[in-house]
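# Structural characterization, general
Each chain is listed here by its residues.
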Amino acid sequence: MSDALVEAVDLQVHFPIGGGALGGRGAVVRAVDGVSFTIERGQTLGLVGESGSGKSTIGLTLLGLEQPTGGRIRFDGEDVIFKGASLRQLRTKATMVFQDPNASLNPRRSVGASVREPLEIHGLHPGKQARSTRVDELLDLVGLSARFADRYPHELSGGQRQRVGIARALACEPELIILDEPVSALDVSVQSQIMNLLRRLQRELGLTYLFIAHDLAAVEYMSHQVLVMYVGRIMETATRESLYRRPRHPYTKALLSAIPSEEPGDASERILLEGDIPSPISPPSGCRFRTRCPWAIERCAEVVPELEPAGEDGTVACIRADEIAAGAPMEHRSLPVAHSRIG
């Protein structure tokens, strides 16, 4: 039985822009354009795609930092109202860990002051001593000691700063944490430590995560379900196991083909995506991926593919998905792994 903590139905987030060469009067950036998904309680939904696909916009919208243009969001079974007391309450239930731990912390505030701030804003753990005790508990929870409370961000390493960001996100005892590229700015050796910390916290506290990333290895390690986006639309959804074992959408195949093989002499080919990701101001007709898709045919420009059931537990938005799964040849070339690149 489904136990969805978050449900997004036909979510749209558009940004009007001025005239000129960008698109003329009345032009709109369709950052998120009709996206529906659920995040099961206690699980992690991985959200992947190239820069400009709308991933971070979804995360910001779930927190009310961006306003939806259309559609609806339900949190714990209730429609979210993005104003007043309802929005304030949402921000105790859903918080965010940002990509750059240095930029997300105020350099003039001590670690303790930064972690304490959400408690002060929302009136939690009233009293100076109670809040100091709570700050110490949070720092200990993320692998830092109470002595870090008096330090400032410039005195910490990147990994330590991100642990502070996680402690701050935990301050209000949220149910959902949006992790927006939480390890991409860290050294590789530190990335695994932070991801292991996040997994431990999820087990111990029953947290639900939206894990936004472009690192497919990190998404595989962290996620239960994976959602692949391209220019504001969903291309494919599946469980982690299904998506990495048998991707069905050409875009997913291209992304996964870019992962270096661990096997010496692996002769698998990397799918070459020519050109740049289209502008969300004027996306291509039909399938938005067709301008870069190696399997694209004329009909792809005429039909907007809807998400259809695929496999045992996924969906895919591609009119040729069954043909491709059956071995349809590419209309364009691919390149050996060692000599190709995406974009």
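These remarks concern the structure in this document. (Residues numbered from 1 in each chain as written. Predicted model: local features only at pLDDT ≥ 70, side-chain atom pairs only at ≥ 80, totals over all residues. Heavy atoms only, no water.)

So, on to the overall build of the chain. When its secondary structure is counted, the chain shows ten helices and 14 strands. Over its C-alpha trace the chain gives a radius of gyration of 21 Å, about what one expects of a compact globule, namely 20 Å for 343 residues. In terms of overall dimensions, the chain has C-alpha extents of about 70 × 50 × 50 Å along its principal axes. Counting only residues that meet the buried cut, the chain has 49% of its 343 residues in that class. Total accessible area on the chain stands at roughly 16,600 Å², and carbon and sulfur atoms take up 48% of it. Side chains of the chain carry 38 positive and 43 negative charges; the gap between the two charge centres is 6 Å. (Helix = DSSP H or I, 4+ residues; strand = E, 2+ residues; numbered from the N terminus. Rg over C-alpha atoms; globule rule 2.2 N^0.38 Å. Buried < 20%, exposed > 50% of the residue type's maximum accessible area, 1.4 Å probe, protein only. Areas by Shrake-Rupley, 256 points an atom, 1.4 Å probe, with all protein chains shown as cover. Lys, Arg positive; Asp, Glu negative; His and termini not counted. Charge placed at Lys NZ, Arg CZ, Asp CG, Glu CD.)

Attention shifts here to the packing of aromatic side chains. Per the counting criterion, the structure on display carries three aromatic pairs. Ring geometry for Y230 against F289: centres 5.1 Å apart, planes inclined by 85 degrees, an arrangement best described as edge-to-face. With Y230 in strand β9 (residues 225-230) and F289 in the loop between β11 (269-270) and β12 (308-310), this residue pair connects regions lying 59 residues apart in the sequence. Looking at F289, the relative accessible area reads 0%, which means it is buried. (Phe/Tyr/Trp six-rings, centres within 6.5 Å; stacked < 30°, edge-to-face > 60°.)

Here we come to the pairing of strand β7 (residues 176-180). Within a regular strand, the side chains alternate between the two sheet faces. The buried fraction of β7 amounts to five of the five residues, a majority that puts the element mostly inside the structure. Every second residue of β7 is oriented toward a common face, with L176, I178 and D180 on one face and I177 and L179 on the other, all of them buried. The pairing of strand β6 (residues 94-97) with β7 spans four bridges and is classified as parallel. Of the residues in β7, the one forming a bridge with A94 is L176. Summarising the sheet, β7 and strand β8 (residues 208-212) pair through five bridges and their orientation is parallel. By the bridge assignment for β8, L179 is matched with F211. (Pairing = 2+ DSSP bridges.)

Unlike most non-glycine residues, E181 shows phi in positive territory, near 50 degrees. Looking at the secondary structure, you find E181 in the loop between β7 and α6 (188-205).

Within the secondary structure, T208 is located in strand β8. The exposure class of T208 is buried, given its relative accessible area of 0%. Distance in space between the C-alpha atoms of T208 and G42 is 4.5 Å, their sequence separation being 166 residues. Here G42 takes part through its backbone nitrogen, which lies 2.7 Å from a polar atom of the side chain of T208. (Polar contact = N/O pair within 3.5 Å; in protein donor to acceptor, adjacent residues only side chain to side chain.)

With their axes 7 Å apart at the nearest point, helix α3 (residues 111-121) and helix α5 (residues 158-170) run at an angle of 25 degrees to one another. Relative to α5, α3 is oriented roughly parallel. Where α3 crosses over α5, the two elements pack in a sense that is right-handed. Taking contact as the criterion, the partners of V111, S114, V115 and P118 in α3 are, on α5, V164, A167 and R168. Split by residue class, the contact of α3 with α5 holds five nonpolar, one polar and one charged. (Axes fitted to C-alpha atoms, helices over the stretch in contact; angles between N-to-C directions. Parallel < 35°, antiparallel > 145°, perpendicular 65-115°, else oblique. Left-handed = near helix turned anticlockwise from the far one by under 90°. Contact = heavy atoms within 4.5 Å. Nonpolar A, V, L, I, M, F, W, Y, C, P; charged D, E, K, R; others polar.)

What is meant by a disulfide is a covalent connection between two cysteines, made through their sulfur atoms. Under the definition given, this model contains zero disulfides. A disulfide-free cysteine, C318 has its sulfur positioned 6.2 Å from the sulfur of C293, the nearest such atom. (Disulfide = S-S within 2.5 Å.)

Right, let's talk about the pairing of strand β3 (residues 44-48) for a bit. The buried fraction of β3 amounts to five of the five residues, a majority that puts the element mostly inside the structure. A two-sided burial pattern is seen for β3, the buried positions comprising T44, G46 and V48 on one face and L45 and L47 on the other. In the sheet, β3 pairs with β8 via four bridges, with the strands oriented parallel. The residue bridging L47 from the neighbouring strand is I212, located in β8. Alignment of β3 against β9, held across four bridges, turns out to be parallel. In the sheet register, G46 faces β9, and the bridge partner there is V226.

That is the geometry; function is a separate question.
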